[in-house]
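Structural characterization, general
The primary structure of each chain is shown beneath.
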Amino acid sequence: MHTIDALISPQGSLDILTLEEISQLHKSASTGLHELFRQCCLAILNCGSEEDDIEALLARNQQFDVEVVPQTRGVLLQLNNAPISAFVDGEIILGIKENLYSVLRDIIYLSNNLLHKEELRTGAELTALVFQILRHAQALAPRRKPSIVVCWGGHSINTIEYDYTKKVGYELGLRGYDICTGCGPGAMKGPMKGAHIANAKQRRHDYRYIGLTEPGIIAAESPNPMVNELIIMPDIEKRLEAFVRLGHAFIVFPGGVGTAEEILYLLGILLHPKNDELKVPLIFTGPTSAKAYFEQIDAFIGATLGAKAQAKYEIIIDNPSAVAIAIKAYMKEVVEHRQKAGDAYHYNWQLHIEEDFQHPFIPTHGNMANLKLAANLPTASLASNLRKAMSGIVAGNVKTFGLEQIRLHGPFQLKAEAEMLDKLNVLLKSFVAQERMKLPGSQDYKPCYQVS
């Protein structure tokens, strides 16, 4: 494998720092955070890869390293044995360079300046922390009318589904909407790619392709090349809150457990009585071949969270323009509601989120086994626990911590009461059968969980 050594200069929000900040960055990047920083940088340099095997990526790049080099006018990054695919004629690709400094900003700078005593924070303080992280990343645009459409869906989708996400993105781009995804391949890349063609046709230059990720998943879902604003949130819960605070409308494409986690998170929040009057558009969509998939998702939601949850979204099959037209109509309602309520366009402060949705869930075998999955739970509690179960499976599939847990202790054991057992088993088995747990063409999927 060809590699290259390079010294790169500051880019983005870290090009102006105090000497104390420079010293802190250098010290932190050289100590406890170094391995995490190294892995995230490697993921950025691997931009555009559709591989989801973090262990294979790390094994191929054992000699790669990165060092923060302090200087009075900022910090440099010394890359050693970096993948040559990130360079053109010896010069690093600009988008990759920008994203490397996003890693430095979000992993090292935030750890020094914002992320302290998190376990003591209240729900309101956690919401303010998410705001601060997004503000520091310059992701908040207070003078821009609501235009951010969050697109969720799987990194493991087939060609027909991928092409459909591009068509929807194209229709959104024609109407001037910005795209926010989890920043990886598949349904996270397609809408941005489609929107890019539309933006070129409309001669639009201020478009935004926002990628929200977190350290545990970024190496398994390297940012796709379309992302022009990369933000690495500290954990999955803050990533999810960033989506719902930053986004103005939501589209869900076919996906696996990660997509199910996102759906359950948003529905669990929207079902809270304090959010009854809020305008949060949510559309499930896919090609004709995905109709059965959404029928199954809809049936699972109805059987677990009830008809009120089903009323929170609309399903549109095989009609990209209808999706964009619906988003346009819904967006007018969002603008009117926020104006009437006096809420900000750039951050949904009014949305009420219970603390159980905010504090990090650590997917150990004990925590997974202790999740209560029973139909008689309050709806919000059930949604939260189902979301955590899905989050644990994502970790067991692709995250370094989860993979290590499975290697040491075997599959996670999920305990579901009889009424819930069949519903959960049917859904998860369908994800496996449809190859939604791993990328098509990768090694056969071995479940990291058992449901009993």
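Given the structure is predicted, the values throughout are model-derived calculations rather than measurements. (Residues numbered from 1 in each chain as written. Predicted model: local features only at pLDDT ≥ 70, side-chain atom pairs only at ≥ 80, totals over all residues. Heavy atoms only, no water.)

**Digging into helix α7 (residues 190–201)**
The test is simple: Going along the chain from the N terminus, every DSSP run of H or I of four or more residues is numbered as a helix, and every run of E of two or more is numbered as a strand. Here the expected length of a helix is defined as 1.5 Å per residue gap, with one fewer gap than residues. Per-residue accessibility, obtained with a 1.4 Å probe over protein chains only, is compared with the maximum for each type, and a residue is labelled buried under 20%, exposed over 50%, and partly exposed between these values. Whether two residues touch is decided by their heavy atoms; if any such pair falls within 4.5 Å, the residues are in contact.
If you check α7, its first and last C-alpha atoms are 17 Å apart, about what 12 residues at 1.5 Å a residue would give, namely 16 Å. Of all the residues in α7, the buried ones are Gly 190, Pro 191, Met 192, Gly 194, Ala 195, Ala 198 and Asn 199. Structurally, α7 contributes buried residues whose contacts are with β6 (148–152), α6 (159–174), β7 (178–181) and β8 (209–213). Looking one or two residues past α7, Arg 203 carries a phi angle of roughly 55 degrees, positive in sign.

**Notes on empty space enclosed by the protein**
Inclusion rule: For cavity detection a 1 Å grid was placed over the protein atoms alone, and a set of points counts as a cavity when a 1.4 Å probe fits there but cannot get out; an open set counts as a pocket when protein lies on both sides within 12 Å along at least five of seven lines, with lining residues being those that have an atom within 4 Å of a point. Grid points are joined across faces, edges and corners, and a volume is the space filled by probe spheres set on the points.
Summed over the entire model, instances satisfying the criterion amount to six cavities of 30 Å³ or more. There is about 270 Å³ of room inside the largest cavity. Every residue lining the largest cavity is counted, 20 residues in all, and those nearest its centre are Ile 217, Glu 221, Gly 258, Thr 259 and Val 394. Elements represented by at least two residues in the lining of the largest cavity include exactly α9 (236–246), α10 (257–270) and α15 (379–398).

**Some words on the environment of Asp 163**
In this structure, Asp 163 sits in helix α6. The class of Asp 163 is partly exposed, set by a relative accessible area of 30%. Spatially, the C-alpha atoms of Asp 163 and Gly 186 are 9.5 Å apart, while their sequence positions differ by 23 residues.

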